[in-house]
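Okay, here's what each chain looks like letter by letter:
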Amino acid sequence: MLIITCPWCGARPELEFRYGGEAHIARPADPSTLTDEEWADFLYNRTNPKGLHAERWRHVHGCGRFFNAVRDTVSDFFVVTYKAGETRPDIAGDQAK
Amino acid sequence: MTNRFRTPSGGRIDRSAPVSFRFDGKTYSGYKGDTLASALIANGVHLLGRSFKYHRPRGILSAGSDEPNALVAVARDAARVAPNLRATQVELYEGLSAESQNRWPSLAFDAGAINDLAAPFLPAGFYYKTFMWPAGAWKRFYEPKIRAMAGLGKAPTLPDPDRYTQNYAFCDVLVVGAGPAGLAAALAAAESGARVILCDEQAELGGSLLAEVGATIEGKPAQAWLADTLASLSKHENVTLLPRTTAFGYFPHNMIALAERVSEHLAAPDHDLPRERLWQVRATEVVIASGAHERPLVFPDNDRPGVMLADSGRTYVSRYGAKPGDRAVIFTACDSGYRTALELKAAGVTIAAIADLRPQLHGELPSRALAAGIDVRPGTVVTGTSGRLRVSSADLAKVSGGAVGRSETIACDTVLMSGGYTPSLHLFSQSRGKLVWDAASGSYLPGTSVERERSAGACRGVYGLNAVLEDGYAAGEAAAKAARDTASPQRGATPVNGASSRSFKAEAPDLGNDGFIGATPHNRNPAFAKAFVDWQNDVTSKDIKLATREGMRSIEHMKRYTTTGMATDQGKTSNMNALGIVSEALGTPVPQIGLTTFRPPFTPTTFGIFAGEARGDLFDPVRKTPIHDWAAEHGAAFEDVGLWKRAWYFPKAGEDLHAAVARECKAVRASVGMFDASTLGKIEIVGPDAAEFMNRMYTNAWAKLEPGRLRYGVMLREDGFVMDDGVVGRMAPDRFHVTTTTGGAPRVLAHMEDYLQTEWPDLDVWLTSTTEQWAVIAVQGPNARAVLEPLVEGIDLGKEAFPHMSVREGRICGVPTRLFSVSFTGELGFEVNVPAEYGRFIWEAIHASGERFGITPYGTETMHVLRAEKGYIIVGQETDGTATPDDVNLGWAVGKAKKDFVGKRSLARASMSAPDRKQLVGLLTTNPATVLEEGAQIVADPTAPVPVPMLGHVTSAYHSAVLGRSIALAVIKGGRARIGQKLSVPMPGSVIEVEVVEPMFYDPKGERLNA
Amino acid sequence: MLDTPSSAGHSTMPVSADPLASLASGSPRRATARLTTLDRTARLVFRGRESAIGPAGEAFGVALPREACRFASNEGRSALWLGPDEWILLAPGAQAGPIAAAIEAATAGLPHSLVDVSSRSVGIELSGPKAAFVLNQGCPLDLGLGRFPVGMCTRTLFHKAEIVLSRTAGETFRIDVWRSFAPYVWSLLEEGRRELD
Ligand SMILES: [Zn+2]
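What you are looking at is a predicted structure, and each value in this text was computed from that prediction instead of being measured.

Parameters and conventions
Residues numbered from 1 in each chain as written. Chains lettered and ligands numbered in written order. Predicted model: local features only at pLDDT ≥ 70, side-chain atom pairs only at ≥ 80, totals over all residues. Heavy atoms only, no water. Core = buried A, V, L, I, M, F, W, Y, C linked by side-chain atoms within 4.5 Å. Buried < 20%, exposed > 50% of the residue type's maximum accessible area, 1.4 Å probe, protein only. Helix = DSSP H or I, 4+ residues; strand = E, 2+ residues; numbered from the N terminus. Contact = heavy atoms within 4.5 Å. Domains from an automatic or database assignment. Donors = N, O, S within 2.8 Å, 3.2 Å for Na, K, Ca; no water. Tetrahedral: all angles 85-135°; square planar, octahedral: opposite > 155°, others 65-115°. Buried area = accessible area lost by both parts, 1.4 Å probe. Salt bridge = Lys/Arg side-chain N within 4 Å of Asp/Glu carboxyl O. Nonpolar A, V, L, I, M, F, W, Y, C, P; charged D, E, K, R; others polar. Pairing = 2+ DSSP bridges. Axes fitted to C-alpha atoms, helices over the stretch in contact; angles between N-to-C directions. UniProt positions renumbered as here; feature names shortened; annotations may be inferred. Expected span 1.5 Å × (residues − 1). Parallel < 35°, antiparallel > 145°, perpendicular 65-115°, else oblique. Left-handed = near helix turned anticlockwise from the far one by under 90°. Phe/Tyr/Trp six-rings, centres within 6.5 Å; stacked < 30°, edge-to-face > 60°. Lys NZ or Arg CZ within 6 Å of the ring centre and 35° of its normal.

Colleague: Would you take a moment to explain the nonpolar core for this structure?
Modeller: The tendency in soluble globular proteins is for nonpolar side chains to be buried as a group. F46 and L189 of chain C are the most contacted members of the largest nonpolar core, which totals 62 residues. It is helix α5 (residues 182-192) of chain C that provides the largest number of residues to this core, a total of 6 residues. Ignoring anything within four residues of it in the chain, the contact list for L189 of chain C reads L35, I124, L126, V134, L135, F158 and I175 of chain C. By size, the runner-up hydrophobic cluster in this structure holds 49 residues, among which are V19, L40, L344 and V376 of chain B.

Colleague: How should the environment of H426 of chain B be read in this particular structure?
Modeller: Residue and element names in this part refer to chain B. Its place among the elements puts H426 in helix α10 (residues 426-430). H426 sits 175 residues away from P601 along the chain, and the two C-alpha atoms are 9.1 Å apart. When residues no more than four places from it in sequence are discounted, the contact partners of H426 are Q570, K572, F598 and F602.

Colleague: Would you take a moment to explain the domain arrangement of chain B for this structure?
Modeller: Frequently, the measure chosen for interface size is the accessible area removed from exposure when the parts meet. The domains assigned to chain B are domain 1 (14-117), domain 2 (164-292 + 423-499), domain 3 (296-419), domain 4 (546-604) and domain 5 (914-1010). Relative to domain 5 of chain B, the C-alpha centre of domain 1 of chain B lies at a distance of 66 Å.

Colleague: Looking at this structure, I do not really get the environment of S121 of chain C. What am I missing?
Modeller: Residues and elements named next belong to chain C. In this structure, S121 sits in strand β7 (residues 121-127). The class of S121 is buried, set by a relative accessible area of 6%. When the C-alpha atoms of S121 and R147 are compared, they prove to be 26 Å apart, with 26 residues separating the residues in sequence.

Colleague: Help me understand the coordination of the zinc ion in this model?
Modeller: Ideal values for angles at a metal depend on the geometry: 109.5 degrees with four tetrahedral donors, 90 or 180 degrees with six octahedral donors. Residues and elements named next belong to chain A. The coordination sphere of the zinc ion, as far as protein atoms go, consists of C6 (SG), C9 (SG), H59 (ND1) and C63 (SG), spread over 2.0 to 2.4 Å. In this structure, the zinc ion is surrounded by 4 donor atoms whose angles at the metal cover 102 to 117 degrees, and the resulting shape is tetrahedral. Positions of the donor residues of the zinc ion along the chain correspond to the pattern C-x2-C-x49-H-x3-C. Taken together, the residues C9 in the loop between β1 (3-6) and β2 (10-13) and C63 in the loop between β4 (52-58) and β5 (66-72) connect sequence positions 54 residues apart.

Colleague: Where do I start with the interface of chain C and chain B in this structure?
Modeller: Counting residues at the interface gives 53 residues for chain C and 56 residues for chain B. Contact between chain C and chain B buries roughly 4,700 Å² in total, counting both sides, with carbon and sulfur atoms accounting for 52%. Run the count over chain C and chain B and you get 10 salt bridges. Here E195 of chain C ties to R277 of chain B by a salt bridge, and the two come within 2.9 Å at their closest N and O atoms. When residues of the side of chain C that touches chain B are assigned to their parent elements, the largest contribution, 5 residues, is made by strand β6 (residues 112-116) of chain C. Of the residues in the side of chain C that touches chain B, the class split is 21 nonpolar, 17 polar and 15 charged.

Colleague: Sorry, what's going on with the sheet that holds strand β3 (residues 71-74) of chain C here?
Modeller: Sheet strands associate in pairs through backbone hydrogen bonding, adopting either a parallel or an antiparallel arrangement. Residue and element names in this part refer to chain C. The strand order across the open sheet built from 5 strands is β3-β4-β5-β2-β6, with neighbouring strands paired in antiparallel fashion. Looking at strand neighbours, the two that pair on one side only are β3 and β6, the edges of this open sheet. The average angle at which neighbouring strand axes cross in this sheet is 20 degrees, direction not considered. One ladder, built from 5 bridges, connects strand β4 (residues 77-83) with strand β5 (residues 86-92); its direction is antiparallel. Across the sheet, residue W81 finds its bridge partner in β5, namely W87. Its contacts with the sheet place helix α3 (residues 96-106) against β2 (41-48), β4, β5 and β6, and it is angled at close to 20 degrees to β2.

Colleague: Could you clarify how one ought to interpret the sheet that holds strand β36 (residues 710-716) of chain B in this entry?
Modeller: Residues and elements named next belong to chain B. Here we have 5 strands laid out as an open sheet, ordered β36-β37-β38-β35-β39, and antiparallel in their pairing. Two strands close off the open sheet at either side, each with one partner strand: β36 and β39 (766-769). Shown here is a sheet whose adjacent strand axes are inclined to one another by a mean of 30 degrees, direction ignored.

Colleague: How do you make sense of the UniProt feature "domain: GCVT N-terminal" (unreviewed entry) in chain B when you look at a structure like this?
Modeller: Per the UniProt record, "domain: GCVT N-terminal" (unreviewed entry) is found at residues 627-898 of chain B. Between the first and last C-alpha atoms of residues 627-898 of chain B the distance is 41 Å; the span itself is 25% helix and 30% strand.

Colleague: Can you help me understand helix α18 (residues 657-670) of chain B in this one?
Modeller: Residues and elements named next belong to chain B. In this model α18 runs 20 Å from its N-terminal to its C-terminal C-alpha over 14 residues, within 8% of the 20 Å that 1.5 Å per residue would give. For α18, the complete set of buried residues consists of A660, V661, A662, E664, C665, A667, V668 and R669. Next to the buried residues of α18 lie β33 (644-649), β34 (673-676), β40 (774-780), β45 (856-857) and α23 (860-869).

Colleague: In this structure, what is going on with the side chain of T860 of chain B? I would like to understand it.
Modeller: Residues and elements named next belong to chain B. On the secondary structure map, T860 appears in helix α23. Note on T860: relative accessible area 1%, which makes it buried. Here T860 is in contact with E639, R646, A647, W648 and F675, once residues within four sequence places are set aside.

Colleague: Can you walk me through the pattern of salt bridges in this structure?
Modeller: Once their charged atoms are close, side chains differing in charge can pair, the charge on each being opposite to the other. If you walk through the whole model with that rule in mind, you get 76 salt bridges over all chains. Of the charged contacts, one joins R195 of chain B and D142 of chain C as a salt bridge, the two residues approaching to 2.6 Å between their closest N and O atoms. One end of the pair, R195 of chain B, is in the loop between α5 (180-191) and β9 (196-199); the other, D142 of chain C, is in the loop between α4 (131-135) and β8 (153-158), on a second chain. Here D142 of chain C falls in the buried class, since its relative accessible area comes to 14%. R623 of chain B is the partner of E772 of chain B in a salt bridge, and the nearest nitrogen-oxygen pair spans 2.6 Å. A residue pair is termed long-range when its members are at least 10 positions apart, and E772 of chain B in the loop between β39 and β40 and R623 of chain B in the loop between α16 (607-611) and α17 (628-633) qualify at 149 residues. The buried category is assigned to E772 of chain B, whose relative accessible area is 4%.

Colleague: What am I meant to see in the environment of A506 of chain B here?
Modeller: Residue and element names in this part refer to chain B. Along the chain, A506 turns up in the loop between α11 (465-484) and β30 (532-534). Taking the C-alpha atoms as reference points, A506 and T216, separated by 290 residues in sequence, lie 5.4 Å from one another. Once residues lying within four places of it in the same chain are set aside, the contact partners of A506 are T216, I217, L465, N466 and L469.

Colleague: Help me out: how do you make sense of the packing of helix α7 (residues 310-320) of chain B against helix α8 (residues 336-346) of chain B in this one?
Modeller: In a pair of packed helices, the angle between the axes and the distance between the axes together describe the arrangement. Residue and element names in this part refer to chain B. At a closest axis distance of 9 Å, the pairing of α7 and α8 adopts a crossing angle of 30 degrees. Of the possible angle classes, the one that applies to α7 and α8 is roughly parallel. As for the relative orientation of α7 and α8, their crossing is left-handed in sense. In this structure, α7 uses A310, D311, G313, R314, V317 and S318 to contact α8, whose residues at the interface are S336, G337, R339, T340, E343 and L344.

Colleague: Could you clarify how one ought to interpret the pairing of strand β32 (residues 637-641) of chain B in this entry?
Modeller: All names here are of chain B. Pairing between β32 and β33: 5 bridges, direction antiparallel. Following the sheet pairing, F638 is matched in β33 by A647. Connecting β32 to the next strand, β33, in antiparallel fashion are 2 residues, including G642 with a positive phi near 60 degrees.

Colleague: Any chance you could explain the interface of chain C and chain A here in plain terms?
Modeller: Facing 16 residues of chain C, the contacting portion of chain A comprises 12 residues. Summing both partners gives a buried area of about 1,000 Å² for chain C against chain A, and 59% of it is carried by carbon and sulfur. Of all residues in chain C, P84, P140 and L157 of chain C give up the largest surface area on contact with chain A, accounting jointly for 38% of the area buried on that side. At the junction of chain C with chain A, the criterion picks out 1 salt bridge.

Colleague: What's the story with the pairing of strand β14 (residues 255-261) of chain B in this structure? I'm lost.
Modeller: One face of the sheet, then the other: side chains in a regular strand alternate in exactly this way. Residues and elements named next belong to chain B. The buried count for β14 comes to 7 of 7 residues, which makes it a mostly enclosed element. Burial along β14 is two-sided: the residues M255, A257, A259 and R261 and I256, L258 and E260 are all buried. As defined by bridge partners, strand β13 (residues 245-251) adjoins β14 across 6 bridges and the pair is classed as antiparallel. Of the residues in β14, the one forming a bridge with F251 is M255. Linkage of β13 to β14, two consecutive antiparallel strands, is achieved through a turn of 3 residues, within which H253 is found at a positive phi near 60 degrees. Here β14 runs beside strand β15 (residues 276-288); their pairing, made up of 7 bridges, is antiparallel. Paired with L258 across the bridge in β15 is W279.

Colleague: What is the right way to read the UniProt feature "domain: Aminomethyltransferase C-terminal" (unreviewed entry) in chain B from this model?
Modeller: Those residues carrying the UniProt feature "domain: Aminomethyltransferase C-terminal" (unreviewed entry) are residues 918-1003 of chain B in this numbering. Between the C-alpha atoms that bound residues 918-1003 of chain B the distance is 25 Å, and the span itself is 0% helix and 49% strand.

Colleague: Got a minute to help me understand the packing of aromatic side chains in this structure?
Modeller: Aromatic ring pairs: the centre-centre distance and the angle between the two ring planes describe each pair. Applying the stated rule across the entire model yields 26 aromatic pairs over all chains. An angle of 85 degrees between the planes, with centres 5.8 Å apart, marks the rings of F17 of chain A and F67 of chain A as edge-to-face. Of the two residues, F17 of chain A sits in the loop between β2 and β3 (18-22) while F67 of chain A sits in strand β5, which places them 50 residues apart along the sequence. Both rings, one in W648 of chain B and one in Y649 of chain B, keep their centres 5.2 Å apart while their planes meet at 70 degrees; by these two values the pair is edge-to-face. Relative accessible area serves as the criterion here: at 14%, Y649 of chain B is assigned to the buried category. The ring centre of W8 of chain A lies 3.8 Å from the NZ or CZ of K83 of chain A, which sits over that ring. Across from the ring centre of F619 of chain B, 4.0 Å away, lies the NZ or CZ of K160 of chain C, which sits over that ring.

Pasting the structure below:
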């Protein structure tokens, strides 16, 4: 069971969290202006990197907040967690940024 | 024959506490402190089982958890049978009853031993080669036979009556293994104030010190030092000592699973005690002090009962006072064998000879053996053993330059072997740490760490009592310091334990670190000699060599092909020797071959410990509504809806489901019924932007909904498909009372929170779950108003004052209520929301008030029929995650003028309004008595060639008592255009003809709603 | 907003039901981990923007804690931080109505939400030297006094049920659990202390 650091509550066990998919995919302000292809890209296409991945988690059985995390998908260790709305922090060796 | 092999004194057994036990039906005696293995050895019993494949007689190989042979079943009663226990770990208690396994009809005469004679036909990979033909025979014939022949113990068939508990535990430093390294590590960590957990799989903490008779530590005899150290550790408030506790799994982020055997060792366990406890330990730092396993030597006939690991033989004598025999031959590749010889000799065992694989001897222990007059033979191998169910002699031959001379037969009843030590890397490897090959010691050692752990002592190749103690102490100090420094966890480094700040001044004989890997040379016919590498899976050196000739190169392939190391002992005694044999056969150095992956569990672990308390009634929460008990008292049958128990129907005497539902349906349509709708999800949406938020989350338009009015809302996922529905009340301009489906409640709230928090954090609106705040009682039927009127205060229930789809706040029987005028039956209806704690009180009041109208409680089945008669959908029944609102005739609920809402863009895709989408329709069977099956496929022409094109399927089907016939709802391609057509529903043995109709079977104009 | 039950116009007083009544009545005494049901409590969920937080606390009589996972108490009332804009307000008895009215009055026009959830959950107290041990059989948090001090509160899990856990004294925990999960939680607490004196 992983330990995840909620930006509000601190380090807590994975059981209290729910995964929320890739982070920083904003819903378009006016979806009606998007082509079908653009809309499908927003809905379905994700980067799925090997290595550092910015992703959403929710402390669902805690403070209830959604937040973002950078996790190494190879080692399963979290590099950093940060509040929703904050930009992805600079991390050395982060190719995806 | 009572304890003939017991030494007159010594050991840690309690000679004042004799214990009587049974093995294979025969009664023996031992002492408190014995294991089953040590007690049997003291009684001269060495034949404990038959081997897995060849059914060869097998004895006791080791004295610990690495035991591959001596597996027994221990039974307390018919339900409490634990198979496959290692006799070396089973603690003796009064009345213990154990049975050998894998033999028929008896241990001494076993019919399956024919396999041993047939061995040339059972080579490595024989499963793959032999049993693959003809197709299908594996499942029908071979597998059942092989399982019957080669199985291990048998599981009991009765439910496990014991309790198992689990708990989470936390510490700064977890120390695994309470041998000298672990004890010293725990001492160091404890003295620094750290929270420490020290666990060990054995009944007593102490590890190798428990069998240490010659050494001193800090000037005291080792066992006295052990007692003092344990006393001192147990005085620390922050230290938890866990004997009988196996660290069996190392999981990410330093979570280590420990299995504690709480009451297994007791003669009459208190049933309030768990049998076992799972500790899920989260440790800031871990010290692995798991020691090393003695390696067997791979020589012909090395599996005969009486052949044992040398240091295990010594342990039986020195710790348990049980002599493995009268006359022993020792075959060794290291100095440890000499210590065994000396201690056995001191205990009165004759040492017939020491065969030392090494050509030259040096060091303290060989000199002492020579001085003691023992026949020491350097450059000598054992080439075979004799004896039917027990060793009676061993063959010794000189070896030089790889050439083995003629054998000399030496009479003995015991052969003790030592090939050196293999560091126990299981936990380190499970933590994903990287192993490194150490040429000096000829072993793999822990290298780079992934988790916050460090190894200490023999498990990292440190030998010698003083060095081990100091390494452990240094590791404990370093771990405690690292735990305090939580801000900078060091990962990806090889921990250095550093120098110990404490000196232990331990004095013990130097055992060196010599050893041997592989198969020892012999002079026997290689076609017939069986030199075992893996005792539990019956793998010989010949099997492994054969696998290399057949092209296996990777050690992982080798393992699977020969099954070496794949038994429940995880190859503790076999992996390194297998590697050595492969290395020699391929001419490739060991480090280039690699090592197989270690996986949890370290030793077999019960299923019970994983289940813990989650069984029976406590497997999952069983959610009951405030009205549940009333329904139960009134004979309701219940159905599971998610975690909820819902009243399904209320049968009267003699009624079945069909009869009860028919009666309940008619009662609602004719007079009045009442229904517990408390499980509906409820969310209170409050804030200045509540209406705007509703607009974005639901397809409907909300801005113009007046306070005091209700609206049926439809929620989509962003992909445009129906996710949930429910009635929504506007309580105030900034407050909505939202209802969801029973199963959808948490999902809908999470969906809303997601959008609110991450897409529109600027909106001033907040969500609060009120599902359990409110009990909901639906009162439905022409007399509904008359039932409620006498109970309600402050609300005018009149048709004009309180029209259909309204909400009012007031009181009912003095209890505050939110009263909805709403119907899911097509009848005049109300839903009474009251605080849950008053749910039953109000239910009973309504029931009493309705008595004069014959008010009828009804369950979910009647609710389903009544709504289907009206064509109302149930999300998840008529929809399957691919239905648009229009597909299920809810196009009217989509606010066309709204610029955006969740799912709107997806609805604009051309395919979402294609005319051949599956659309909701009604079906009437030509034969009104036929009730279709839900899920049945619908076709146009059942005689069309296969594959017959499927048009859709039946989503709901019931007998309607009010209509006197069956009805059904279905989704059919282009369904609305097919209304009036006849279609077919093919079923096994018949084809049912149906007519497509409007999905509305009762009161199509809706006149009854406003009655 | 709800107010409290009355018996006006009716011959019988409303009867409030406790889902733990039958389980609690048969519960054995074990001194090292005492298990009791708590009396009825008014519960309000307050959520809102910065401007409303101060006035809400003032009206309630307990300043809403701004530190994560902490509660504050005053004269029997408690305000528990559950999230950065979410508190649950507890007051003895079933008097949610007047409290809610006072808070609504103080926060009128300020962006916030106040919802009465008095009946949504029930309170359980677990107390004694083994209380943390019993809780840790289903709660995955470190309950060491240094890590979960007196005055801490949080939503978390107990086995498969969500609870609000707070430490009211060194050896005393309060559990708030949704009504329909309460028998499950109670039964597992009973199982957890079965081996204790
Ligand atoms: Zn949190």
